[in-house]
Every structure is written in C-alpha cells, then in structure tokens.
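Coordinates in review
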Amino acid sequence: MSAGTDTALGLTESRTVVGIGVKVVLYALVVALFAGPLLALLSGAFSEVSDPTELSLVPTRPTLENFSVAFDFGVLGYLMNSFFVVGFGLLMQVVVSVLAGYALARKRFRFSALALVAILATMMLPDEILALPLSILLADLPLLHINLMGTLAGMIVPIGAWAFSILVMTEFMKDVPLELEEAARIDGASELRVFAQIIVPLCKPALGVIGVFGFTMIWDQYLLPLLVSTSSATYTLPLALRTLRIEPEVTPGVVMAASLLALAPSVIVFLLFQRSFARGLTSGALKG
C-alpha cells in the first residue's frame, strides 16, 4: 500500500498517520487565524461584554441588549444611510462602467488610449491626496453651482465612477467576438439594440465581479463620509462606529453588535452573487 500520492504539482502527499495529523493541525491553525476574529465578533455581539479582555469564541450570558442599545444610539438610521448611499452609488457605478467599458472596448476614437491611461491614473492616487480638491468641488459643483457638503448626494457623486470597474468591463468587452456584433448589424439591429441585447448579456459574469467589489468598496467608505458629513444625520455606519467607541455608556458588546451589522451586508451580498463572482473571475483567468 502506497504511503503517499502525487499532487498536481508533482509533490508527494503523505497518507501516514503523522502526515494526516500535521495537515489537521495546519488546517486548524488556518481556520483559527481567519475565522477566530469573526467568531469572537459574533460571540461578543450577543454577550454581556464590559471588558474587551473577556472576549471568547462562545457567547457568555447571551443577550440581545447590545443591539437594543445600539439602536438607541441611532445605528439603525446610520444603517439606512449606508444602504441609501450604496444603492444609488452602485447603480451609478455599474451604469458608468458598462457605458465607459463599451466605448473604450468597441469604439475607435482619438485619444482613447489617453483616456484609459487617465482612468487608470486615478487608481494610483491615495484618497488623502484627493480629499482637498474633492471637498472644493463638492462645495461648489462645477456648472451647477450646488453645494453637496452635508448631504448623502455628496457621498454618492464621487463614487459614481470607479476605475477598477471600468477596467474590468473594458477588458471583458474586448473579448466579446466581433462576429456577433457584425451579424446583428447585418440583421438590421441598431447600436442600442446591439449594446443592450448582445454585449451586456454576455458580460453578466463581469457585472457580478464589479457588483461585489463595488458594493464592498462603497460600503466600507470612511474618509468620504467623514469629509462630506457636517452632522450626525448624514453619518454612514462605518463612520458612526467611531462615535460609538467614544461614548462612555457604550460597552464593547454594543460596538461589536454595530460592527456585526456593518459586516453582515457585505457577507450576504457575496453569498448571493458568489456564482457570478466566481464565474467572472474564472472567465477572466481563462481569457488571460
């Protein structure tokens, strides 16, 4: 009986008791490293925790009081603000990414390469560098002369376009066969029909990728709400977590309950769209 089997990399996988024991220990360490903090957060949110050193992986004295106190401090309103910003911001981001990707991938115009370089350049600038010019623009929106400071709209407009999403859609649309587009035009399809009924449906995996990444990016925004907000009425949940930590009446359990509410939507969105997300990444890997 063989004591090992060859793996895909040509290495030998041990089947002995010692080898299996080592693998179990390594797997346990990896699970503890990645799942431990999440389990501690989940446990602390449902426990009476007054001291951060009392955290454990199993809830002690289970209670829902932490969530009740968090709601008393307005966490539910901050959560609604976050959903409002994410909903409209992601919708704008997807629309802009699809349209920009179609123009850059399927059309030929002067300075198209320069436009793509300019878009990519925005990914290389830290948010801290953009903070000052962004605040000036939001205080007096060009042409419209509208002040968006202190409004949720001021958090939505800057995230309406994201270079990463535009790049993903551009590269994915480049791989859509031109023959399909030409055949549709021969059949009399208009530009809009080709775009809506041929190009976009074939890009559903890419839409899943930019949807998951876009949601996470917008949901986790901290600097932008901090820059735009002028009162607690426009706080999003990530920004509100900071104010909860400095409240003397708020215990670590309450902070963890609010943190769990901030974490849950990202996990739920990923679970709902994981098929499209994985298919989009796989398609990109195969085409690359």
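All of the points below concern the structure found in this document. Bear in mind that the values here come from a model prediction, so they are computed numbers and not experimental data.

A tally of regular secondary structure across the protein chain gives 14 helices and two strands. Going through the 288 residues of the protein chain one by one, you find that 36% of them count as buried. Partitioning the contacts of the protein chain with sequence separation of at least 6, the portion at a separation of at least 24 is 67%. Of the roughly 17,100 Å² that the protein chain leaves accessible, carbon and sulfur atoms contribute 71%.

With that out of the way, let us pick up the packing of aromatic side chains. All chains considered together, the criterion is met by eight aromatic pairs. A ring pair is formed by F84 and F88, whose centres lie 4.8 Å apart and whose planes are at 50°; its orientation type is tilted. Taken together, the residues span about one helical turn, with F84 and F88 both in helix α3 (residues 75-106) at a distance of four residues. Overall, F84 belongs to the partly exposed group, its relative accessible area being 38%. For F88, a relative accessible area of 45% gives the class partly exposed. Here the aromatic residues F83, F215 and W219 are joined through ring pairs into a cluster of three or more.

What follows covers the side chain of T170. Mapped onto the fold, T170 is located in helix α7 (residues 163-174). Of the polar contacts made by the side chain of T170, one reaches the backbone oxygen of I166; its length is 2.7 Å. Leaving out residues up to four positions away in the same chain, T170 has contacts with A100, G101, L104 and A105.

Where α7 meets helix α10 (residues 204-219), the closest approach of the two axes is 10 Å, and the angle between their N-to-C directions is 170°. With respect to each other, α7 and α10 are oriented roughly antiparallel. Residue-level inspection shows F164, S165, V168, M169 and F172 of α7 in contact with α10, the latter providing P205, A206, L207, I210 and F213. Counted by class, the contact of α7 with α10 contains nine nonpolar, one polar and no charged residues.

This paragraph deals with a nonpolar patch on the surface. A contiguous nonpolar surface patch, about 620 Å² in accessible area, is contributed by V18, V22, V25, L26, Y27 and L29. Topologically, V25 is positioned in helix α1 (residues 17-45).

Attention now moves to unusual backbone geometry. Of note, the phi angle at F111 is positive, near 65°, even though the residue is not glycine. Along the polypeptide, F111 turns up in the loop between α3 and α4 (112-121). Take F111: its relative accessible area is 55%, and that puts it in the exposed class.

Between helix α2 (residues 65-72) and helix α13 (residues 252-272), whose axes approach to 8 Å, the crossing angle comes to 80°. Regarding the angle of α2 to α13, the classification is roughly perpendicular. Each of N66, F67, V69, A70 and F71 in α2 lies in contact with α13, whose residues at this interface are G253, V254, A257, L260 and L261. Here the contact of α2 with α13 is composed, by residue class, of eight nonpolar, two polar and no charged.

A word on the pattern of salt bridges. According to the stated counting rule, one finds five salt bridges in the structure shown. The partner of R106 in a salt bridge is E181, with the nearest N and O atoms 2.8 Å apart. Taken together, the residues span a long stretch of sequence, with R106 in helix α3 and E181 in helix α8 (residues 178-186) at a distance of 75 residues. Overall, the relative accessible area of 7% leaves E181 in the buried class. Notably, a salt bridge pairs E171 with K174, separated by 3.5 Å at the nearest N-O pair. Linking E171 with K174, this pair stays in helix α7, spanning three residues, or about one helical turn. The class for K174 is partly exposed, based on a relative accessible area of 43%. Connected via shared salt-bridge partners are R106, K107, E181, R185 and E191.

Core analysis: the biggest nonpolar cluster contains 40 residues, and V75, V85, I218 and L237 have the highest contact counts within it. Where this core is concerned, the elements lending two or more residues are α1, α2, α3, α6 (153-156), α10, α11 (223-228), α12 (237-245) and α13. The element that contributes the greatest number of residues to this core is α13, accounting for nine residues. Once residues within four sequence positions are removed from consideration, I218 is found in contact with V85, V86, G89, L90, Q93 and I159. Within the second largest apolar cluster, 15 residues are counted, among which are M173, V176, V194 and C203.

Rules of the game
Residues numbered from 1 in each chain as written. Predicted model: local features only at pLDDT ≥ 70, side-chain atom pairs only at ≥ 80, totals over all residues. Heavy atoms only, no water. Helix = DSSP H or I, 4+ residues; strand = E, 2+ residues; numbered from the N terminus. Buried < 20%, exposed > 50% of the residue type's maximum accessible area, 1.4 Å probe, protein only. Contact = heavy atoms within 4.5 Å. Areas by Shrake-Rupley, 256 points an atom, 1.4 Å probe, with all protein chains shown as cover. Phe/Tyr/Trp six-rings, centres within 6.5 Å; stacked < 30°, edge-to-face > 60°. Polar contact = N/O pair within 3.5 Å; in protein donor to acceptor, adjacent residues only side chain to side chain. Axes fitted to C-alpha atoms, helices over the stretch in contact; angles between N-to-C directions. Parallel < 35°, antiparallel > 145°, perpendicular 65-115°, else oblique. Nonpolar A, V, L, I, M, F, W, Y, C, P; charged D, E, K, R; others polar. Patch = residues over 30% accessible without salt bridge, like charges linked within 9 Å, V, L, I, M, F, W, Y side chains within 5 Å. Salt bridge = Lys/Arg side-chain N within 4 Å of Asp/Glu carboxyl O. Core = buried A, V, L, I, M, F, W, Y, C linked by side-chain atoms within 4.5 Å.

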